[in-house]
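# Structure at a glance
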Amino acid sequence: MDFCVLASGSNGNSLYLEAGDTRILLDAGLSGKQLEARLRTQCDRELRDLTAVLITHEHDDHVKGLVQLAKKCHAPLYMTEGTYAGLPAKARLDEPDRVVHIRAGESLEIGGVRITPFAVSHDAEEPVAFRFDTDEGSLAVVTDLGYVSDRQRDLLRGCDVYVFETNHDTEMLRAGPYPWHLKRRILGDKGHLSNVDAAYALIDILSEQAAHVYLAHLSGENNLPELAELTVEQIVLDARPELADRIHLHRTSRQAPCPAMKISRATV
């Protein structure tokens, strides 16, 4: 199984996953032109090659390029009924019959990939995050949520790779230029995970096996990549020092894709 974080942050979010002949795009938060360019450059794939498109929720940074994408590929579009109902006008589709409604907690299989959507607490209509499993390995993409519940922690244990939200440093956010109503939204139960909250969740989620963690959805105003990495590393390793040589942290970017990575339990 191969994957690539094409973009992560408030500017736009998208991730590509491939297992055999199954080619999945998770979210379309970039323009169609940018999606096409990054997929081609990083993964040597075209939009027309996609097997399926999955959408986590209807916010612009996740559906900005959905209409353009739908014109360039014939893949079905998977999303919850709430997400579909909440799509902004500019993301409305000319072919609603292409939409396949999914439900949190009900797994589905596309090709050789088992996909488990699960509900998250975020200020959207019916948002979900995803866990992907194949015989080769597993990936969880966990962003846009205000907290991580015990049920979610149980579901997420044992993955080989995590794309995990570390949106903000709380002190930077509180002291920053955002108006108070926006700060309160971000800090609330339906907002975004801080560096510290992500780290404490990972303490419980990470198993004894090696794992890669991609620090995702970093705020450009209220976080720094090096601060997110330092905070997560210190908190996780203080609690679980045995993970020092088993956890591998990676930074994601709002401006550029990450290098593509192969997920295999033999090489993690």
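Whatever comes next refers back to the structure up there.
Note that the coordinates shown come from a computational prediction; the quantities given were computed from them, not determined experimentally.

Cut-offs applied
- Residues numbered from 1 in each chain as written.
- Predicted model: local features only at pLDDT ≥ 70, side-chain atom pairs only at ≥ 80, totals over all residues.
- Heavy atoms only, no water.
- Helix = DSSP H or I, 4+ residues; strand = E, 2+ residues; numbered from the N terminus.
- Buried < 20%, exposed > 50% of the residue type's maximum accessible area, 1.4 Å probe, protein only.
- Contact = heavy atoms within 4.5 Å.
- Pairing = 2+ DSSP bridges.
- Salt bridge = Lys/Arg side-chain N within 4 Å of Asp/Glu carboxyl O.
- 1 Å grid on protein atoms, 1.4 Å probe; cavity = no way out; pocket = protein on both sides within 12 Å on 5 of 7 lines; lining within 4 Å.
- Points joined across faces, edges and corners; volume = space filled by probe spheres on them.
- Nonpolar A, V, L, I, M, F, W, Y, C, P; charged D, E, K, R; others polar.
- Polar contact = N/O pair within 3.5 Å; in protein donor to acceptor, adjacent residues only side chain to side chain.
- Axes fitted to C-alpha atoms, helices over the stretch in contact; angles between N-to-C directions.

### Brief notes about the environment of F132
Among the secondary structure elements, F132 is positioned in strand β9 (residues 128-133). Looking at F132, the relative accessible area reads 1%, which means it is buried. Taking the C-alpha atoms as reference, F132 lies 37 Å from W180; in sequence the two are 48 residues apart. Those residues in contact with F132 that lie beyond four places of it in its chain are M1, L17, L26, L54, V113, R114, I115, G137, S138, L139 and V141.

### Considering the pairing of strand β12 (residues 211-216)
Most of β12 sits out of view: six of its six residues are buried. Residue alternation in β12 divides its side chains into two sets, A211, V213 and L215 and H212, Y214 and A216, and both sets are buried. One ladder, built from five bridges, connects strand β11 (residues 161-165) with β12; its direction is parallel. Pairing of E165 across the sheet is with A216, part of β12. The pairing of β12 with strand β13 (residues 247-251) spans five bridges and is parallel. Counterpart to V213 in the pairing with β13 is L249.

### Topic: the pattern of salt bridges
A side chain with one charge may pair with a side chain of the opposite charge, provided their charged atoms come close. Counting across every chain of the model gives 18 salt bridges. E46 is the salt-bridge partner of R40, the closest N and O atoms lying 2.9 Å from each other. D123 is the partner of R185 in a salt bridge, and the nearest nitrogen-oxygen pair spans 2.4 Å. Note that R185 is positioned in helix α7 (residues 180-187) and D123 in the loop between β8 (113-119) and β9, a separation of 62 residues in sequence. If you follow the salt bridges from partner to partner, you end up with E208, R240, E242, D245 and R246 in one network.

### A closer look at empty space enclosed by the protein
Taking a probe equal in size to a water molecule and rolling it over the atoms shows the remaining empty space. One pass over the structure, following the stated rule, counts one cavity of 30 Å³ or more. The computed volume of the largest cavity comes to approximately 100 Å³. Lining the largest cavity are 13 residues; nearest its centre among them are N13, S14, L15, V141 and T143. Mapped onto the lining of the largest cavity, the elements with two or more residues apiece are β1 (2-7) and β2 (14-19). Here the lining of the largest cavity is composed, by residue class, of six nonpolar, six polar and one charged.

### Quick look at the side chain of T116
Relative to the helices and strands, T116 is located in strand β8. Relative accessible area serves as the criterion here: at 11%, T116 is assigned to the buried category. In terms of polar contacts, T116 uses its side chain to reach the side chain of S107, at 2.9 Å. Beyond its immediate chain neighbours, meaning those up to four positions away, T116 contacts S107, A129, F130, R131 and L155.

### Thoughts on the environment of V99
Relative to the elements of secondary structure, V99 occurs in strand β6 (residues 99-101). Look at V99 and you get buried, because its relative accessible area is 11%. Separated by 23 residues in sequence, V99 and P76 place their C-alpha atoms 6.0 Å apart.

### Some words on the sheet that holds strand β4 (residues 52-54)
Taking strand neighbours across the sheet as the criterion, the seven strands line up as β6-β5-β4-β3-β2-β1-β14 in an open arrangement whose pairing is mixed. Strands at the two margins of the open sheet, each flanked by one partner only, are β6 and β14 (261-262). Across two bridges, the pairing between β4 and strand β5 (residues 77-79) is parallel. Considered in β5, the bridge of V53 is made with L77. The strands touched by helix α1 (residues 32-43) within the sheet are β1, β2 and β3 (22-26), with β1 carrying the most contacts at an inclination of about 140 degrees.

### Overview of the sheet that holds β12
Taken together, the seven strands give an open sheet; going across it, the order is β7-β8-β9-β10-β11-β12-β13, and neighbouring strands pair in mixed fashion. Each edge of the open sheet carries a strand with a single partner, namely β7 (108-110) and β13. Recorded for the sheet is a direction-independent mean angle of 20 degrees between the axes of neighbouring strands. Taken strand by strand, helix α8 (residues 195-205) contacts β11 and β12, and its axis lies near 155 degrees from that of β11. Set on the sheet, helix α9 (residues 225-239) makes contact with β12 and β13; between it and β13 the angle comes to about 165 degrees.

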